[in-house]
Each structure stands twice: as structure tokens, then as C-alpha cells.
Amino acid sequence: MFYEISFQFALLLLTFILYQIKVKSFPELLPAPEVESVCCLDCFGKKGSAMTHITRRSFLKASVAAGAAALVSGAALPAAAAGAASSAVTPAASASSEAEEENCLFSSASVTAAALPQGGWQGQPTFPDWAGYVDDTLAMNGMYTFYGYSGQGTLYICPAAGVTSFVFFINNHKVDTSKMAGGGTWAVDISACTVNGLNTFQIGCIQPAGQTIQVFIPYPTVIQGKPSDVGLNTAVLDAIDAIVSADVARGFPSAQMAIVKDGRMIYQKAWGTVNAYNPDGTPKTDSPAVTNDTLYDLASNTKMYSVNYAMQYLVTQGQVKLDTKIADLLGSAFVDSTIDITYSGYDNPGLETVKQWKSQLTIRDVLRHQAGFPADPQYYNDGFDQSTQKNAPGVTNVLYSGAGGDEATRQRTLQVICMTPLMYQPGTKTLYSDVDYMLLDFVIEQVTGTRLDDFLSAHFWQPMGLTHVTYQPLKHGFSPNDCAATELNGDTRDGSISFAGARTATIQGEVHDGKAYHCMAGVSGHAGLFASASDLAILASVMLTGGYGNLSFFSRNVMDTFTAPKIESAATWGLGWWREADLGRPWYFGTQSSSGTVGHQGWTGTLTFIDPAEHLVVVYLTNKINSRLTDTAASVTQFNGNWYTASTLGFVAQLLYQGFKSRAGSPDAALDAMLADMASEHFKLVDPDFTAGHPRVQSAYALLEVLVDRACNTLRPGPHAYAQDALNLLDPVRDADELAALLQRL
């Protein structure tokens, strides 16, 4: 075994020497350099010698060619090289010889003098013994781990004035420290050495003893990229595009999507027009197309990127504790002004008991949606029955704050929230409630002394350079056509609902939610935020790292606290965040996302999800309610837009994950079968009484057209067979025209 290893080592060394001979004697035989997105070897040979930049693959090719050339030419090994070969296999070698012949295995990290930027940091450890003590595990004292992405990253190295030398490694790649003089600040570009996720650097052998080196670690940012950069097969994006495009052609209003993976913005796409229909439901032909900059009403996604972000920041900064009682922050009126209401379907324990419950409510209780508040008490509707929690014209709303949409109404809304009795004992059940996040909005404003939108703008949007995230877009430089419209006839649900102050025109550039618009002046913790998919994806990416560049927002401990299951029996809930858990929310996050995936949904048709295991953020925004109600007599919440595949949100995740490199093989055949099954499943939802013009039927047609398009654009036999079989799903009478058109194409 010893001789075998010695022979292999000698052979490798001989290859090194042959390569050097080739560089000097046969440069014309050098292969063209290959580019690889990895740290490369800068040189072999003595320090200070001329360096030839090659990749590992180029080196191996060159070595083989050099060996052949050397043998053909009869070139003799130089005596020095022969001596080096001899010493390499000799157990003892002089220290001076080793120092002279040490291989320069430096990474391609560049080092430049720099001024230390101002801001927050992912970490700023000081070596040696960065933890502040000498740990008896020993090895950890010179190593530090941080979060980063392949292809980006800079570290700022600050050796003390007395430092004369030290060693520095990033992910085991040695960085040349000879230029990093003590007393300076040195920016080290580590983008060629970083990996996606956890990265480790090592600093040691600091001379003279007793000197220190501090390292400042920025957070990764989002850079431009393309699907191939992250190993995403574009076939899945094409399938998503085909589905949404076909639905839009069949009547779906619009959509917008952005994908960030591994710190790269790899996909942006927009479909449809900003306002698809006239108030009477006829198609609007003069509406501009949606762009990647169009703002969408995020509805309840607001909760995560306003209140949750603000709370996570304040908890990280130590300004708020999650178990602080609400009454201690908002005052005794939160308890004392509570009125007595008997809610239908709930036992009334008595006013004093309800007040006792409210007195003990904490921020954590409210974030968990288990505080006891009703889901939607409609403080703006003067004809709302608080007992039944239903619209009731002629019944006095005992918790009416007004519909003025101004600051005075906003302050009255805080008063009526304090008056609102609880439906159930806190902690005994989960009831998703908008009141929870309206209340937390006021808590944040009490703690910070700043209105919620101003706080978020100052601490997140402006520092991050996000220009397409805002409340009240029409007051911040945007026009109505910069925003995707929502309901066609204001608050009236196509004339089926009426209350004092109700809007009747198409809502565009104003928040759709009635409580946010009428009660909270457009700025609320539960709704009201507008954003483009791209800017929102960048904002959401902070949940993967805790910061952005030299901006520090959330500690890892705080992010873990907010995204952990609130309890094992309700693992699909964190603190505000919705969680995938054990396939708990596949209709939003798909079945392939990790159990730690978090995100939220919005009633207007918006979805965000963040999968830490894949370093992935997906934002898919629609305005599905920019359409007429299907049948006002049957439902005042079922809009035509709700029937389409594009409105289901979760189909995006299900298709997207099929394209990741971790799923071996091309997804094309699997997508063919999946789309065929989707069409079949869609027709199971088509009621036999639906006419051809029903949006459910139109969306079913759209899926069939996607199948036929695939059949017409590929030589694979699968799509043709699937498309032919799918035509059997059509009703020969109701779907006669569609059947004829598809048969003609096939």
C-alpha cells in the first residue's frame, strides 16, 4: 500500500513538472482556457513566479499534452526539477526548501483597500477567539460561518496595526493575505468561492501573538440571473406561462410573477391588462398591458411584509417582547371600554370574564391568530349585525367607526377595536382575524411613535432601494394605470351590497379591503400594501438571510421563532406566517416544498412563498377579482376570475419544483402527463349545467389548448396521445365548437 501511494504521489508530481516544461517549451500546445464558476488554481511553482491562470480541467488536459510533447522532443528533466521530484518522495526535507517550493494554491479572491461601509452586519467577529473566550473544542476559535450565495460576496478584513502576517481561508480556499497590511481595511471579493447557503472562513496563525483581526460580513443581496444559473429547466416556466396565457386569453384578468433563487432574480413575467373589464362585465379593450412594474393590491400578504416585518425587527432590536400584554402598551381602555356582545354560535361567558381575557392578551397570542377576535367585524358598514357577523341593512352596527377613510376615522377604529369583545377564550382555538393585525398596527405605532407606512419605508423600502412597494400608491406618484384594478363596482359586489360611503366605481390604485380603506385611511397592518412581484420578491428574500447588503433586519433566532410551528398540533401556523409543515398547505406551496416553507395568500389573488431549503422565493400576483360575480344570488364572494387555473395559486409551486436540478432528468415527459391529468381533473369540477361561456368551462378549454399546443410543437408521442384522449372530456353538444377547433389543429 505504501509503495502504491508513493508511486501515485510521484506520478502527480511528475505531471506538475511536465506541465512546467510545456509552458516554457511548447506554449503553442496549451489548450484554450475553460471558464468554470469555481475557485481556480492561480499557479503552481514558487511564490512570486509568473502565474498562468488555468482551471483544474485545463490543467489536466495541459498536463497530458505536456507529457506527450516532452517525450516526443526528448526533453530532459532539469536538474532542479529532478531534485524536487526526489525530495517530494523523501520523508525528510529542509524547512527552507519547503518554504521556497510551497504551491501557491490561492483562490481567485481579489483584495483591495477600502473604507468600511456604514450599516449593519451579518457578523463582525474578532480573531482569535471570536466567541470572546477560548473554547476547549479549539478548532472553532478560528472559524466563522455565515449565509451567502454562489457568485456574490465581499468580506471586509481589518487587521490591527501590529499584525504582520496571518492566514485566511474561505470554504477551504486559501486567500493571499500578503497585501493586507495591519491597520488597514481590506475588501476581499469572495464571489468565486461562495456556495449557496452556509459558508465558512478561517483566520489563524496571526503574527505576532496577541494581535487581532476583525472581519465584517455583509448580507447577500439579489442579483440578476437566469434560470440556467441555478439549474432550473425552463420547460416548467414555459408550462406555467402557457397555462396563465391561455387563461388570460379565455377571460382571466391578469397576473405577474417573479422568482428569486440562490440570490438571483431568475424570472419576471407579466400577463394580461391592468383592468380587464368594464363595470358591466364586458371586456375592456383600451386597458394597458401589465408590466413587471405594475403594482398589485397584496391584500393579506400585507400582514407578513408590514406587521410581521416590523415586529421581527423590533423584537430583534429589543424594543418589543412577544409576551408583553397588549393592555400594557395601549392602556387600560383596551380592556375597560369592552362592550357586551353575544356572538351567534358562541357562549357568552359574561362581560367581566371577557375583560379578564383581554387583560391577559399578549403580542404572541395575537400573532398566533388565537386572541379571540372575530374574523371580519366590518367596522365601516353601518348596516352590519355584530352578533351574527353578517351584512344586515337596517341593523345598527354597535362597533361602527365610520367610512370616512381619514385619520379621524382611523383613530375611532382604534377605539372600536378596544370596545370589541372576544368570541372565545384566547388560546383555545385558531380563528384567522383581520382585527389581529389591525390591532398590531396600532401596537407598532405606539412603540415606534411612527405611522406604520412611514416606519416600513424608513427601515426597509428606502434603504433597500425598493421603489415599487408602497401604501396608497395614488398619493406616492403612481397613476391608476400603474396599478392592477380589483373589483369592478367598488364595494357593492355588483350592486348586491350597500352601506353609507360605499365606493361604486372600479377600484384601481386604492386598497380593495373595506376595513383598510374606510377605517384605516388606506394604511393598515392587515391589508393595504401594493407592490410589484419583483420588488416584493427582493423584500421577501430577507427572510432567508435576515438582512440585505449592509442592512441588518432580523436575527436568526427571531426568524426561527416567527417561522417555527406555533404548536405541534397546529404546525401549519407560525407567528403570523403560514407554514407548509407536513403537506399542510399544498394548495399554496405545492407538495414538493420543504416543511419549513413559509408564506401567505391574499384575497385579491396573491401568493408569496419562501422555501429556505431551496433558497427560493416565489411571488405570484393576480387580480382575479377584477371580474364580475358569477351569480350574486348564489354568492357575493365568487368572482368569475376565481374559476380559472391561474387563480388557484398553488399550481405554480407544483410545476416549478419539477424543473429543479435536484429532480433528475428532463421534466418534459412528466409535464406532459401532469398537464393531461390537470385537464382531466379540471373537467371533474365542471358542473353539467354550466354553459360553454361559464368561466370554469373556459378555463377547462384553456388547459386543453395548452395540451394541443404541446402536441403541435413536439415530436414526442406522449403529447399527441394525451391531447387526443383529452378531447373525450368535451361534451359533444355544449363543447361542439371547441371540439371542432381542436380537432382541426390536431
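Residues numbered from 1 in each chain as written. Predicted model: local features only at pLDDT ≥ 70, side-chain atom pairs only at ≥ 80, totals over all residues. Heavy atoms only, no water.

## A word on helix 17 (residues 556–563)
Heads up, the rule is: Relative accessibility thresholds used throughout: buried, under 20% of the residue-type maximum; exposed, over 50%; partly exposed, between the two (1.4 Å probe, protein chains only). Helix and strand labels come from DSSP, where a helix needs a run of H or I of at least four residues and a strand needs a run of E of at least two; each type is numbered from the N terminus. Summarising the geometry, the arc corresponds to the directions from the helix axis toward the C-beta atoms. The contact criterion used is simple: two residues touch if any of their non-hydrogen atoms lie within 4.5 Å.
Listing the buried residues of helix 17 in full gives V558, M559, F562 and T563. The buried residues of helix 17 occupy an angular sector of 120° when the element is viewed end-on, so they sit on one face. At its buried positions, helix 17 is contacted by helix 6 (301–316), helix 10 (363–367), helix 16 (542–545), strand 20 (578–579) and strand 21 (598–602).

## Digging into the confidence of the model for the protein chain
Let me state the cut-off plainly: The pLDDT score gives, residue by residue, the confidence of the prediction method on a 0 to 100 scale.
Mean pLDDT over the protein chain stands at 89; residues scoring 70 or higher make up 86%. Segment residues 1–5: pLDDT under 50, and 0 contacts once partners within four positions in sequence are set aside and those in other chains are kept. Long-range and interchain partners of residues 21–105, a stretch whose pLDDT sits below 50, account for 98 contacts in this model, where long-range means more than four residues apart.

## Observations regarding the pairing of strand 22 (residues 606–611)
As a reminder of what qualifies: A strand pair is defined by DSSP finding two or more bridges across the two strands.
With 6 of its 6 residues buried, strand 22 lies for the most part within the structure. Both faces of strand 22 are covered, namely the face carrying T606, T608 and I610 and the face carrying L607, F609 and D611. Bridge count between strand 21 and strand 22: 5 bridges; the pairing is antiparallel. Within the sheet, the bridge partner assigned to G602 lies in strand 22 and is T606. The antiparallel hairpin formed by strand 21 and strand 22 contains 3 residues in its connecting segment, where G605 sits at a positive phi of about 115°. The sheet contact formed by strand 22 and strand 23 (residues 616–622) spans 6 bridges and is antiparallel. Considered in strand 23, the bridge of I610 is made with V617. Where strand 22 hands over to strand 23, the hairpin turn is made up of 4 residues, of which H615 adopts a positive phi near 50°.

## Remarks on the pattern of salt bridges
Formally: In the sections that follow, a salt bridge refers to a side-chain nitrogen of Lys or Arg positioned within 4 Å of a carboxyl oxygen of Asp or Glu.
This model, assessed by the stated rule, comprises 26 salt bridges. The partner of R451 in a salt bridge is D453, with the nearest N and O atoms 2.8 Å apart. R451 sits in the partly exposed class, given a relative accessible area of 24%. A salt bridge links R493 to E487; its shortest N-O distance comes to 3.2 Å. The two residues R493 and E487 agree in class, both being buried.

## Section: the packing of helix 5 (residues 234–249) against helix 20 (residues 668–684)
Quick note on the threshold: To obtain each axis, a line is fitted to C-alpha atoms, and for helices this fit is confined to the stretch in contact; angles are then taken between N-to-C directions over 0 to 180 degrees. Orientation is classified from the angle alone, with under 35 degrees giving roughly parallel, over 145 giving roughly antiparallel, 65 to 115 giving roughly perpendicular, and any other angle giving oblique. For any helix crossing, the convention is left-handed if the near helix is rotated counterclockwise from the far helix by under a right angle, and right-handed if that rotation is clockwise. Residue type decides the class: Asp, Glu, Lys and Arg count as charged, Ala, Val, Leu, Ile, Met, Phe, Trp, Tyr, Cys and Pro as nonpolar, and the leftover types, Gly among them, as polar.
Contact geometry for helix 5 and helix 20: axes closest at 10 Å, N-to-C directions at 25°. It follows from the interaxial angle that helix 5 and helix 20 lie roughly parallel. Between helix 5 and helix 20 lies a crossing of right-handed hand. Contact residues: helix 5 offers A235, V236, A239 and I243, while helix 20 offers D668, L671, L675 and M678. The class makeup of the residues in the contact of helix 5 with helix 20 is 7 nonpolar, no polar and 1 charged.

## Remarks on the packing of helix 21 (residues 695–712) against helix 23 (residues 736–745)
Viewed as axis vectors pointing N to C, helix 21 and helix 23 meet at an angle of 10°, and their least axial separation amounts to 10 Å. The angle between helix 21 and helix 23 places the two elements in the roughly parallel class. From helix 21, Y701, L704, E705, V708, D709 and C712 reach across to helix 23, where they touch E738, L742 and R745. Looking at side-chain class alone, the contact of helix 21 with helix 23 contains 5 nonpolar, no polar and 4 charged residues.

## With respect to the sheet that holds strand 17 (residues 529–531)
Overall, antiparallel pairing links the 3 strands, which are arranged 13-17-16 in an open sheet. At either margin of the open sheet sits one strand with a lone partner, and together these are strand 13 (296–297) and strand 16 (469–471). Relative to strand 17, strand 16 runs antiparallel, the two being bridged by 3 bridges. Paired with T470 across the bridge in strand 17 is F530. The strands that helix 13 (residues 452–464) touches are strand 16 and strand 17; relative to strand 16, the one it contacts most, it runs at about 165°.

## Thoughts on the pairing of strand 8 (residues 197–207)
The sheet contact formed by strand 3 (residues 143–148) and strand 8 spans 6 bridges and is antiparallel. Counted as the bridge partner of M143 is Q202 from strand 8. Summarising the sheet, strand 5 (residues 165–170) and strand 8 pair through 5 bridges and their orientation is antiparallel. Across the sheet, residue V167 finds its bridge partner in strand 8, namely G204.

## A look at the sheet that holds strand 8
Spatial strand order, 3-8-5-6: 4 strands in an open sheet with antiparallel pairing. In this open sheet, the two strands that pair with only one neighbour each are strand 3 and strand 6 (173–175). On average, each strand axis in the sheet is inclined to that of its neighbour by 25°, with strand direction left out of account.

## Notes on the layout of surface pockets
Spelled out, the test is: The definitions used throughout rest on a 1 Å grid laid over the protein atoms alone, on which a cavity is an enclosed set of points accommodating a 1.4 Å probe that cannot get out and a pocket is an open set flanked by protein within 12 Å on both sides along at least five of seven lines; lining residues are those having an atom within 4 Å of a point. Grid points are joined across faces, edges and corners, and a volume is the space filled by probe spheres set on the points.
Each pocket or cavity is described by its volume, and for the second largest pocket that value is around 690 Å³. D376, Q378, R493, D513 and W603 are, among the 32 residues lining the second largest pocket, the residues nearest its centre. Listing elements by their share of the lining of the second largest pocket, those giving two or more residues are strand 15 (390–391) and helix 14 (514–519). Here the residues of the lining of the second largest pocket sort into 12 nonpolar, 11 polar and 9 charged.

## A closer look at the packing of aromatic side chains
Operational definition: Stacked, tilted and edge-to-face are the three classes assigned to paired rings of Phe, Tyr and Trp, where Trp is represented by its six-membered ring and a pair needs centres within 6.5 Å; plane angles under 30 degrees give stacked, over 60 edge-to-face, the rest tilted. The criterion for a charge sitting over a ring is simple: Lys NZ or Arg CZ within 6 Å of the ring centre, and within 35 degrees of the ring normal.
Inspection of the entire model under this criterion finds 32 aromatic pairs. Between Y432 and W573, the ring centres sit 6.3 Å apart and the planes meet at 35°, which makes this aromatic pair tilted. A residue pair is termed long-range when its members are at least 10 positions apart, and Y432 in the loop between helix 11 (407–419) and helix 12 (434–448) and W573 in the loop between helix 17 and strand 20 qualify at 141 residues. For W573, a relative accessible area of 14% translates into the label buried. Ring pairs connect the aromatic residues Y432, W573, W578, W587, Y588, F589, F609, Y657 and F660, which therefore count as one cluster. K358 extends its terminal NZ or CZ atom over the ring of F334, reaching a point 4.5 Å from the ring centre.

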